[in-house]
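Examination of the molecular architecture
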Amino acid sequence: RLLRPLSNLGALPSVMILVDSLSKCAVKIGDVSTLFLSFLLIFAVASVGMFKGVLRQRCVNDAYFNASVYNLTELAPNVTFDGPEQFVCGGLYDELTNVTDRMGCFPDQLCDTGERSTFGMTGYRCPFGYSCVNVENPVAGLVGFDNIAMSSLVLFVSSSQQM
């Protein structure tokens, strides 16, 4: 029943020409797709080697490490501070404590731990009272270069410019 409209396509010569040309191009489209996927795989492997774990590094307030010293339930009784994501520089903890001088840092700011410095270059250093810590990847863990599948997804989205 669903394929009945396809039987009527033979009556239209212009549609038959279109279907015929698509069937002749299928091999070439497959070759181009294979070439694209091989380049995608090569760059995904290279990006995992170069950028693994880099997008996880954020400046975290030192209150996260001294949570027993600070009474966080009095600060925000309805908020559960269960991980370092709430203590990221310029994030929820800073908003609740009315920190106005963030010294140029914001929640999406990547920092440098100094462990992987290449050619003696260093990245953004956290301001006083903050430490560079690994937290969850951006966009709920979907964007990152921690494995080949995630890296391929990021490269495909950025190559197709569909962000």
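Above this text you will find the structure in question.
Residues numbered from 1 in each chain as written. Predicted model: local features only at pLDDT ≥ 70, side-chain atom pairs only at ≥ 80, totals over all residues. Heavy atoms only, no water.

Considering the packing of aromatic side chains
Enumeration over the complete set of coordinates arrives at two aromatic pairs. Where Phe36 meets Phe156, the ring centres are 6.3 Å apart and the plane angle is 65°; that geometry is what we call edge-to-face. With Phe36 in helix H2 (residues 13-51) and Phe156 in helix H6 (residues 148-160), the pair connects residues that are 120 residues apart, well separated along the chain. Ring centres of Phe51 and Phe145 lie 5.6 Å apart, and the angle between their planes is 50°; this geometry places the pair in the tilted category. Taken together, the positions of Phe51 in helix H2 and Phe145 in the loop between helix H5 (138-141) and H6 put the pair 94 residues apart, joining distant regions of the chain. Since its relative accessible area comes to 15%, Phe145 is described here as buried. (Phe/Tyr/Trp six-rings, centres within 6.5 Å; stacked < 30°, edge-to-face > 60°. Helix = DSSP H or I, 4+ residues; strand = E, 2+ residues; numbered from the N terminus. Buried < 20%, exposed > 50% of the residue type's maximum accessible area, 1.4 Å probe, protein only.)

Notes on H2
Here H2 spans 53 Å end to end across 39 residues, near enough to the 57 Å set by a 1.5 Å rise per residue. Where H2 bends most, at Ala26, the angle is about 45°. All of the buried residues in H2 are Leu40, Ala44, Ser47 and Val48. Packed against the buried residues of H2 are H6. Two residues or fewer after H2 comes Gly53, characterised by a positive phi angle close to 80°. (Expected span 1.5 Å × (residues − 1). Bend = angle between axes of the 7 residues up to and from the residue. Contact = heavy atoms within 4.5 Å.)

Considering the pairing of strand E1 (residues 57-61)
Within E1, five of the five residues are buried, which leaves it mostly tucked inside the rest of the structure. For E1 and strand E2 (residues 130-134), the ladder comprises five bridges, and the chain directions are antiparallel. Looking across to E2, one finds that Cys59 is bridged to Cys132. (Pairing = 2+ DSSP bridges.)

Quick word on the pattern of salt bridges
According to the stated counting rule, one finds two salt bridges in the structure shown. Here Asp20 ties to Lys24 by a salt bridge, and the two come within 3.5 Å at their closest N and O atoms. Of this pair, Asp20 and Lys24 both sit in helix H2, four residues apart, roughly one helical turn. Judged by its relative accessible area of 39%, Asp20 is partly exposed. Among the salt bridges present, the one from Asp146 reaches Arg56, with a minimum N-O distance of 2.7 Å. Note that Asp146 is positioned in the loop between H5 and H6 and Arg56 in the loop between H2 and E1, a separation of 90 residues in sequence. (Salt bridge = Lys/Arg side-chain N within 4 Å of Asp/Glu carboxyl O.)

Overview of a nonpolar patch on the surface
On the surface, Leu35, Phe39, Ile42 and Phe43 cluster together into a nonpolar patch covering about 430 Å² of accessible area. Mapped onto the fold, Leu35 is located in helix H2. (Patch = residues over 30% accessible without salt bridge, like charges linked within 9 Å, V, L, I, M, F, W, Y side chains within 5 Å. Areas by Shrake-Rupley, 256 points an atom, 1.4 Å probe, with all protein chains shown as cover.)

Thoughts on H6
Owing to its 3.6 residues per turn, the α-helix brings residues three or four apart onto one side. The terminal C-alpha atoms of H6 lie 18 Å apart, and with 13 residues this matches the ideal 18 Å at 1.5 Å per residue to within 8%. Every buried residue of H6 is accounted for by Met150, Ser151, Ser152 and Val154. Structurally, H6 contributes buried residues whose contacts are with H2 and H5. Among the residues of H6, the N-terminal cap falls to Asn147, whose side-chain oxygen and the backbone nitrogen of Ala149 are separated by 3.4 Å. (Polar contact = N/O pair within 3.5 Å; in protein donor to acceptor, adjacent residues only side chain to side chain.)

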